[in-house]
Amino acid sequence: MKQLKHVMRQITGLVVLGSLLALASCAEKQQAAAPAEAEVEKETIVWKLAQTWGTGFPIFGDAVIKMADMVNEMSGGELEIRIDSANKHKAAFGILDMVKAGQYEMGHSASYYWKGKDPNTMFFSTMPFGMIAPEQYAWFYYGGGMELMKQVYDQHGVYSFPGGNTGNQMGGWFRKEINALDDLNGLKMRVPGFAGEILSRLDVVVTNIAPGELYTALERGTIDALEWVGPSLDLNMGFQKIAPYYYTGWHEPATELQFMVNKAAFDALPGHLQEILVTAMQYAAYDMYARSYHDSAVNLASIEEEYPDVKIRTFPPEIIAEMKRVNQELLAESAANDPTFRKILDSQTAYMKMARKWTEISDYAYLKDNLE
Ligand code: CA
């Protein structure tokens, strides 16, 4: 990558040198020279970004707009990123392929959507019973997470970067209360990813339904329960009107979205634009985490006020214990067949064990005695 950057800088240098030589040979036309030089400096690189989300999608889409605006401002217009939503490209779950192919230089999506192509991608969104957001950010930036993510995505021709965190997601909306393991038997639930595999082994009938069809599916009884995100985004969907039990989370404790950049396109950028892009992506990601927390807090208050019949519940300990057992079983099965899976799992497990001791005597110790 460094070599390529070096070559690119040399090429850029040659272009500048070339234009200087041209200017020198036409010294008598000095009035014409200034605009020509300015043109070289102001040349705009235009990139396209494809996002999984539809036009105007709150929070997730806003993070992408923030990143693109920052890049444009910080680069003085040298790098412009144009955003295509799923309404335009019609391939919400084709982002990785499109960025890999160079059809788009960038993408915004979630790493666990590529689990079917490569199971190792799922580790970079969130894992059931895994790290919470501060622990996971620490792992990404200082605990080896970025290096492991690069290793996985190198095989797909893209660089992947954290793309915004939703914080802890809620366990979902249920039409009936879940009191025992038997209540899960035959329950039809929309839940994607690894959590879906866990619930499937607990006899839940697992489906994945596009966001736009979720409300109708729950209202008509096509499904009995669903998980989406949390108060930040669930309130707009209206689930609180038709499923009164809102369960706390276990399956997505720190869902991190993802910026993707085509490797060849990134490597060809001049160094200062690479730095601007990386900085803007990291800022937009962290900003989305704050925004998600804010919107969840505000919306939860309005759920409590406007929908007093909504009952917030936590799954009984026997269900949580069984989910944990099955989670371990499934992870061990995959790790046995794939050394990279084992390596990432070991890294996350060891890091969480270490970081959790700090979480326990800092945030947890503080919160358990200071909830009011
Ligand atoms: Ca979710």
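Up top is the structure.
Keep in mind the model is a prediction, meaning the values are calculated, not measured.

Student: Is there a simple way to think about the side chain of Lys263 in this case?
Tutor: Along the chain, the position of Lys263 falls in helix α11 (residues 263-268). We classify Lys263 as buried; its relative accessible area is 19%. When near neighbours in sequence (up to four residues on either side) are disregarded, Lys263 contacts Asp154, Gly157, Val158 and Tyr159.

Student: Which parts of the structure should I look at to understand the nonpolar core?
Tutor: Generally speaking, soluble globular proteins have nonpolar side chains that are buried together. Phe60, Phe124, Phe174, Trp250, Phe315 and Met323 are the most contacted members of the largest nonpolar core, which totals 77 residues. With seven residues, the top contributor of residues to this core is helix α13 (residues 317-337). With residues up to four places along the chain from it excluded, the contact list for Phe315 reads Phe174, Ile178, Tyr247, Thr248, Trp250, Ile320 and Met323.

Student: Sorry if this is basic, but what is going on with the side chain of Asn120 here?
Tutor: Residue position: Asn120 is located in the loop between β3 (106-110) and α6 (133-142). Of the polar contacts made by the side chain of Asn120, one reaches the side chain of Asp338; its length is 3.1 Å. Not counting residues up to four positions away in its chain, the partners in contact with Asn120 are Val152, Asp338, Thr340, Phe341 and Ile344.

Student: I keep staring at the coordination of the calcium ion and nothing clicks. Help me out?
Tutor: Under perfect tetrahedral coordination by four donors, a metal shows angles of 109.5 degrees; under perfect octahedral coordination by six donors, it shows angles of 90 or 180 degrees. Protein coordination at the calcium ion comes from Gln169 (OE1), Glu227 (OE), Glu227 (OE), Trp228 (O) and Glu252 (OE), with a distance range of 2.3 to 2.8 Å. As a motif over one chain, the donors of the calcium ion read Q-x57-E-W-x23-E. Taken together, the residues Gln169 in the loop between β4 (158-165) and β5 (172-174) and Glu252 in the loop between β9 (245-247) and β10 (256-262) connect sequence positions 83 residues apart. Note on accessibility: Gln169 and Glu252 belong to one class, buried.

Student: Mind showing me how you'd approach the packing of aromatic side chains here?
Tutor: In this description, an aromatic ring pair is defined by two values, namely the gap between the centres and the angle between the planes. Counting across every chain of the model gives 21 aromatic pairs. Pairing Trp53 with Tyr113 gives two aromatic rings, centres 6.5 Å apart and planes at 55°, and the pair type is tilted. Of this pair, Trp53 sits in the loop between β1 (45-51) and α3 (60-74) while Tyr113 sits in the loop between β3 and α6, placing them 60 residues apart in sequence. Residue classification places Trp53 among the buried positions, given a relative accessible area of 4%. Both rings, one in Tyr247 and one in Phe315, keep their centres 4.4 Å apart while their planes meet at 15°; by these two values the pair is stacked. In this pair, Tyr247 is assigned in strand β9 and Phe315 in the loop between β11 (311-313) and α13, connecting sequence segments 68 residues apart. In this structure Tyr247 comes out as buried when scored by relative accessible area, which is 1%.

Student: How do you make sense of the sheet that holds β11 when you look at a structure like this?
Tutor: The pairing of strands in a sheet happens through backbone hydrogen bonds and is either parallel or antiparallel. Pairing in this open sheet of six strands is mixed, and the strands run β7-β6-β8-β5-β9-β11 from one edge to the other. This sheet does not close on itself; its edge strands, each paired only once, are β7 (205-207) and β11. Relative to β9, β5 runs antiparallel, the two sharing three bridges. Residue pairing in the sheet places Phe174 in a bridge with Tyr245 of β9.

Student: Explain α13 to me, please; I cannot follow it from the model alone.
Tutor: Residue pairs spaced three or four apart in an α-helix point in one direction, given the helix's 3.6 residues per turn. In this model α13 runs 31 Å from its N-terminal to its C-terminal C-alpha over 21 residues, within 8% of the 30 Å that 1.5 Å per residue would give. Within α13 the residues assigned to the buried category are Ile319, Ile320, Met323, Val326, Asn327, Leu330, Leu331 and Ala335. The arc that holds the buried residues of α13, viewed along the axis, is 170°, so those residues lie on one side. For α13, the exposed residues set more than 90 degrees away from the buried face come down to Pro317, Gln328 and Ala336. At its buried positions, α13 is contacted by α8 (193-201) and α14 (339-368).

Student: Help me out: how do you make sense of a nonpolar patch on the surface in this one?
Tutor: A cluster of nonpolar residues, Tyr366, Leu367 and Leu371, forms a patch on the protein surface that exposes about 360 Å² of accessible area. For Leu367, the location among the structural elements is in helix α14. By relative accessible area, which is 44% here, Leu367 ends up partly exposed.

Parameters at a glance
- Residues numbered from 1 in each chain as written.
- Predicted model: local features only at pLDDT ≥ 70, side-chain atom pairs only at ≥ 80, totals over all residues.
- Heavy atoms only, no water.
- Helix = DSSP H or I, 4+ residues; strand = E, 2+ residues; numbered from the N terminus.
- Buried < 20%, exposed > 50% of the residue type's maximum accessible area, 1.4 Å probe, protein only.
- Contact = heavy atoms within 4.5 Å.
- Core = buried A, V, L, I, M, F, W, Y, C linked by side-chain atoms within 4.5 Å.
- Polar contact = N/O pair within 3.5 Å; in protein donor to acceptor, adjacent residues only side chain to side chain.
- Donors = N, O, S within 2.8 Å, 3.2 Å for Na, K, Ca; no water.
- Phe/Tyr/Trp six-rings, centres within 6.5 Å; stacked < 30°, edge-to-face > 60°.
- Pairing = 2+ DSSP bridges.
- Expected span 1.5 Å × (residues − 1).
- Arc of directions from axis to C-beta.
- Patch = residues over 30% accessible without salt bridge, like charges linked within 9 Å, V, L, I, M, F, W, Y side chains within 5 Å.
- Areas by Shrake-Rupley, 256 points an atom, 1.4 Å probe, with all protein chains shown as cover.
- Salt bridge = Lys/Arg side-chain N within 4 Å of Asp/Glu carboxyl O.

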